[in-house]
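Listed below, chain by chain, are the residues.
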Amino acid sequence: MTAPPTAQPARPTADRPSPAGPLAHPLARRWLLASCVPVLLVLGMALTVPPAPSAATAGTPGTADMAGMPGMDHPAGDVPDLAAAGLAAERNGYRLDLTDPGPTAGRATDLRFTVTGPDGAPVTDFAVHQTKRLHFYAIRSDLTGFQHLHPDLAGDGTWTAALSALAPGTWRLYADFVPNTGPHAAELVLSRTVTVPGEAAPVPLPAPGDTATVDGYTVTLTARPAAGAHRLTAVVSRDGRPVGDLQPYLDAYAHLSAFHEGDLALAHLHPAGTVDGDRGGPELTFQALFPEPGNWRVFLQFQTSGQLHTAALTLRVD
Ligand SMILES: [Cu+2]
């Protein structure tokens, strides 16, 4: 067995996935819309958004954070563009704006942000998906420091994310949401980068491997995927024995997110199947769509005995 990349490498980053603790995630995950448009929604991104009310802003590369990608939707089977992979701050008329100056290094931060809609006003009505109205991710440019949070929404449309301390460096912050505009509203992932002042100490990406350990658990991926849509399977064991007591987390038995080395594209990987009590595992199956080949840092989160675990590994995608 090759040395597994550690799930939470020891380094001075705030490598805590959920600072609010496992009890902040009492509910399991479900892909709310999966039954409607399963193939496209495997992406976890906005692939089927109908024309925005304001065509003037749809797909406009209007921010410095824009990856320069066309805001185009993609039919099933196509490799999506990188705006669909969460690398744009604006898409389909929706825009992510941070309303605070950037976080300070080494200190927990309440980060405030808004999502404005096609009318330019902050959106206040979000559909619940995967049990939450918004999923928020932070990751440093070297793919360390992963945080997965569920911010609070104020009545005026201001979100507050309770970020754990960030190490100096460049971070990408992602908001993943579904505007509550009707049954055909699709999920959007918008992101922006912030620079945390200080001397950044980049951490080399761990070598690709298929095993990660965390909190005594071993997670093994049993397939080596290629870019595009594929099924991905993981097995969870402890002390060499398969585990069968995973608890629902965000309406699934595991939550998988992945970020691409270099451009930080986000691949949202969706669990197949439903949850039924505290008896998930040992095998976990996901619908995966990696928008591009290369090295992906994969974070697999699962819960046992009320505690959330985050395993991380580097996955080579051909
Ligand atoms: Cu979430």
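Read on for a plain summary of the structure. (Residues numbered from 1 in each chain as written. Predicted model: local features only at pLDDT ≥ 70, side-chain atom pairs only at ≥ 80, totals over all residues. Heavy atoms only, no water.)

Thoughts on the nonpolar core
Part 1 of the reasoning: Grouped together as the largest cluster of nonpolar side chains are 42 residues, with contacts concentrated most on Phe259, Phe290, Leu300 and Phe302.
Part 2 of the reasoning: Residues Phe113, Leu134, Leu153 and Ala175 belong to the second largest nonpolar core, which totals 25 residues. (Core = buried A, V, L, I, M, F, W, Y, C linked by side-chain atoms within 4.5 Å. Buried < 20%, exposed > 50% of the residue type's maximum accessible area, 1.4 Å probe, protein only.)

Observations regarding the pattern of salt bridges
Part 1 of the reasoning: Within the structure shown, the criterion is met by five salt bridges.
Part 2 of the reasoning: In this structure, Arg95 and Asp97 form a salt bridge, with 2.6 Å as the shortest nitrogen-oxygen distance.
Part 3 of the reasoning: The class for Arg95 is partly exposed, based on a relative accessible area of 29%.
Part 4 of the reasoning: On the basis of relative accessible area, Asp97 is assigned to the buried category, the value being 17%. (Salt bridge = Lys/Arg side-chain N within 4 Å of Asp/Glu carboxyl O.)

Some words on the pairing of strand S2 (residues 94–98)
The side chains of a regular strand alternate between the sheet's two faces.
Part 1 of the reasoning: Two strands pair when backbone bridges link them, and strand S1 (residues 90–91) and S2 are joined in this way by two bridges, in the antiparallel orientation. Pairing of Glu90 across the sheet is with Arg95, part of S2.
Part 2 of the reasoning: Strand direction decides the pairing type here: S2 and strand S3 (residues 109–116), joined by four bridges, are antiparallel. Bridged to Leu98 within S3 is Phe113. (Pairing = 2+ DSSP bridges. Helix = DSSP H or I, 4+ residues; strand = E, 2+ residues; numbered from the N terminus.)

Focus: the sheet that holds strand S8 (residues 158–163)
Part 1 of the reasoning: Ordered in space as S1-S2-S3-S8-S7, the five strands form an open sheet in which the pairing is antiparallel. If you trace the sheet from one side to the other, it starts and ends with S1 and strand S7 (152–153), each paired once.

Comments concerning the side chain of Thr211
Part 1 of the reasoning: The topology assignment puts Thr211 in strand S11 (residues 211–214).
Part 2 of the reasoning: Residue Thr211 is classed as buried on the basis of its relative accessible area of 6%.

Structural notes on the packing of aromatic side chains
Part 1 of the reasoning: Tallying each qualifying case throughout the model produces 13 aromatic pairs.
Part 2 of the reasoning: Each residue in the set Tyr94, Phe113, Phe126, Phe136, Trp159 and Phe177 is aromatic and connected to the rest through ring pairs, giving one cluster.
Part 3 of the reasoning: A cation over an aromatic ring shows up here: Arg238 above the ring of Tyr217, its NZ or CZ 4.6 Å from the ring centre. (Phe/Tyr/Trp six-rings, centres within 6.5 Å; stacked < 30°, edge-to-face > 60°. Lys NZ or Arg CZ within 6 Å of the ring centre and 35° of its normal.)

Points about the pairing of S11
Part 1 of the reasoning: By the bridge criterion, four bridges tie S11 to strand S12 (residues 217–221) in an arrangement that is antiparallel. The residue of S12 that forms the bridge with Thr211 is Thr220.
Part 2 of the reasoning: In textbook terms, the turn of a hairpin is the stretch between consecutive antiparallel strands, and for S11 and S12 this stretch comprises two residues, one of which, Asp215, has a positive phi near 50°.

Regarding unusual backbone geometry
Part 1 of the reasoning: Backbone torsion omega between Gly281 and Pro282 reads 0°, so that peptide bond is classified as cis.
Part 2 of the reasoning: Within the fold, Pro282 resides in the loop between strand S16 (266–271) and strand S17 (283–290).
Part 3 of the reasoning: Of note in the backbone geometry, Leu250 takes a positive phi value of approximately 55° without being a glycine.
Part 4 of the reasoning: Secondary-structure assignment places Leu250 in the loop between strand S14 (241–242) and strand S15 (255–260).
Part 5 of the reasoning: Unusually for a residue other than glycine, Ser305 sits at a positive phi of about 50°.
Part 6 of the reasoning: Among the secondary structure elements, Ser305 is positioned in the loop between strand S18 (294–304) and strand S19 (307–317).

Such coordinate-based values are descriptive only and should not be taken to indicate function.
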